[in-house]
Amino acid sequence: MGLDDLNSGLGLWTRRRLLQMGAAGAVTLSAVDLAKAAEATAHHSMMEVPFAKREPRVALIGTGGRGTSLLGLLLAADAQMVALCDIVKEKAGHAAGMVEAAGQKKPELYTDGPHHYQALCQRKDIDLVIVATPWSWHYEMAIAAMKNGKDVAIEVPGVTTMEECWSIVRTSEETRKHCMMLENCCYGYNETLILRMVHGGEFGDLLYGEGAYIHDLRDELFSTKGEGLWRRTEHTRHDGNLYPSHGLGPVANYMGIQRGDKFGHIVSMSSPQRGLDKWRKDHLQPGDPRWAEKYICGDMNTSLIKTAKGLTITVKHAVSSPHPYDRINLIAGTKGIFEDYPPRIYIEGVNKEDTFGSLDEWKKYDHPLWSRQGEIAKKVGGHGGMDFIMLYRLLECVRNGIAPDMDVYDCAAWSAIAPLSYTSVARGSAPVEFPDFTGGKWEKRAVSAIATQA
Ligand SMILES: NC(=O)c1ccc[n+]([C@@H]2O[C@H](COP(=O)([O-])OP(=O)(O)OC[C@H]3O[C@@H](n4cnc5c(N)ncnc54)[C@H](O)[C@@H]3O)[C@@H](O)[C@H]2O)c1
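Being a predicted model, the structure only gives us computed values, none of them experimental. (Residues numbered from 1 in each chain as written. Predicted model: local features only at pLDDT ≥ 70, side-chain atom pairs only at ≥ 80, totals over all residues.)

### Notes on the environment of Lys 363
Then comes step 1: Assignment of secondary structure puts Lys 363 in the loop between strand E13 (344-347) and helix H14 (368-380).
Then comes step 2: Here Lys 363 falls in the exposed class, since 9 other C-beta atoms lie within 10 Å of it.
Then comes step 3: Residues Lys 363 and Leu 193, spaced 170 residues apart in sequence, show a C-alpha to C-alpha distance of 7.9 Å. (Helix = DSSP H or I, 4+ residues; strand = E, 2+ residues; numbered from the N terminus. Buried ≥ 20, exposed ≤ 12 C-beta atoms within 10 Å, placed from the backbone.)

### Some details on the sheet that holds E13
Then comes step 1: The sheet built from eight strands is open, its strands ordered E13-E12-E11-E7-E10-E9-E8-E14 with mixed pairing. Both edges of this open sheet fall to E13 and strand E14 (432-433), since each of them pairs with a single strand only.
Then comes step 2: One ladder, built from six bridges, connects strand E9 (residues 301-307) with strand E10 (residues 312-318); its direction is antiparallel. Of the residues in E10, the one forming a bridge with Ile 305 is Ile 313.
Then comes step 3: Against the sheet, helix H12 (residues 245-255) touches strand E7 (206-214), E9, E10 and strand E11 (330-333), its axis set at about 160 degrees to E7. (Pairing = 2+ DSSP bridges. Contact = placed C-beta atoms within 7 Å. Axes fitted to C-alpha atoms, helices over the stretch in contact; angles between N-to-C directions.)

### Re the site of the ligand
Then comes step 1: Close to the ligand lie 27 residues; Gly 64, Gly 65, Arg 66, Pro 114 and Glu 155 are nearest.
Then comes step 2: Residue assignment for the shell around the ligand shows that the elements contributing at least two residues are helix H4 (65-76) and helix H7 (135-147).
Then comes step 3: Residues that form the shell around the ligand fall into these classes: 13 nonpolar, nine polar and five charged.
Then comes step 4: Structurally, the shell around the ligand is a two-domain feature, drawing no fewer than three residues from each of domain 2 (57-182) and domain 3 (186-367 + 406-452). (Near = placed C-beta within 6 Å. Nonpolar A, V, L, I, M, F, W, Y, C, P; charged D, E, K, R; others polar. Domains from an automatic or database assignment.)

### Here we look at unusual backbone geometry
Then comes step 1: Between Val 156 and the following residue, Pro 157, the backbone shows a cis peptide bond with an omega angle of 15 degrees.
Then comes step 2: Put simply, Tyr 341 and Pro 342 share a cis peptide bond, and its omega is -5 degrees.
Then comes step 3: Considering the arrangement of structural elements, one finds Pro 342 in the loop between strand E12 (336-339) and E13.
Then comes step 4: You will see that Gln 258, though not glycine, has its phi angle at about 75 degrees, which is positive.
Then comes step 5: The residue Gln 258 is located in the loop between H12 and strand E8 (263-270) in this model.
Then comes step 6: Even without glycine at this site, Ser 429 takes up a positive phi of about 70 degrees.
Then comes step 7: Inspection of the secondary structure assignment puts Ser 429 in the loop between helix H16 (408-426) and E14.

### Describing the pairing of E10
Then comes step 1: A large share of E10 lies buried, amounting to five of its seven residues.
Then comes step 2: Note: E7 against E10, seven bridges, orientation parallel. Paired with Ile 214 across the bridge in E10 is Ala 318.
Then comes step 3: Connecting E9 to the antiparallel partner E10 that follows it, the hairpin turn spans four residues, and Gly 310 within it adopts a positive phi of roughly 95 degrees.

In short, shape yes, function no, at least from these values alone.
Right, here's the structure in full:
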């Protein structure tokens, strides 16, 4: 491998910069960065790699709340369901009933314990595996799917550690199989419209953005079924942003993260944790085993990300205090600003001075996916239709042999926010650098396919 090959993996460190730095600088680089670069360029990128064109045979692992919701939407989009897996037989059985009610053959069920998904992944008649299990299972299920020759789509928040982020990238590159995160908020009506406005130049040069997951989940976290069985535990493990991608994904798309820009570094800080303690005090009987838990995740985590090109992003996470639902979904540039919840827009020279206007005036930027599929999306539902649009689009990409809109590099970079925020919080909000999962290819990459669809 020559120096130029290595430079393609180094991204910012061009041959000229290496020479300008002189021998001493180059020695430092060769010790650390060149090794990383060699590793990053060891495999071919999965950017813009099309799915093998076919009518995908689909399997679903995890038939709980989210899994059955996704299944209903997959069936509405005529996906062919081959196999279902859950550790709870009744849940898998209920989901199988949904498949049969849609007129399909009864899918094969995998319900013999927590590792039975491996047998599902070994089947030869599956092309695409959807993973909707608790967070701690996403990684190993994604790896098993790819290593057995399947494309895989995992639920948010993707994977949970930096090692897992690197591992899904390497496994996707080695196996040539896609690993994407099912970040449904990127397909919301407002989000897709604003993305097209950004690319239409309506906001000018972008400056800053803001995203959030503010959702009062206290009842759900203490439930004795569904997410209450596992999600509260995450609040005993980490202090930071546990669930960043709903707010961040759309803003990353507006800014072209991995497509001309990249996350540079993050600083993160958390408020005190009070919400889950208070809920427990108000609702639990003495002697309840949940009194033994120690919650360490601050009720409001605020992280700031600086991109390589200097833009700033605020990401918030708050699920354990009273607050109406809010993803903020803000993007601002030299010509104007959009902010959601409720949606409002101000474009200089268009809207009355100092006054927000309505998004309804920008319907010419309606996304083609919503123009084509919006009616059915609203009818079948899934967070106002965006879940259907996401799955319809995923199936469309496979059916037509197109690269996925969101790939393993997006999955790794968006997943990385959580562990990097934990590190920053633990270090007193010190800045923490993002790695470059793309091996330097982020800078020259074309804009997101969601933005450019006609
Ligand atoms: N994108 C969204 O809007 C959205 C909404 C809700 C949940 N989610 C995500 O979906 C995932 C699932 O959440 P949920 O609300 O459905 O939780 P849930 O607890 O209702 O469902 C999880 C299911 O996984 C099963 N499971 C657990 N371990 C398993 C294993 N080893 N093998 C097979 N099955 C196993 C459980 O029995 C359960 O049925 C989570 O990652 C969550 O963050 C995303």
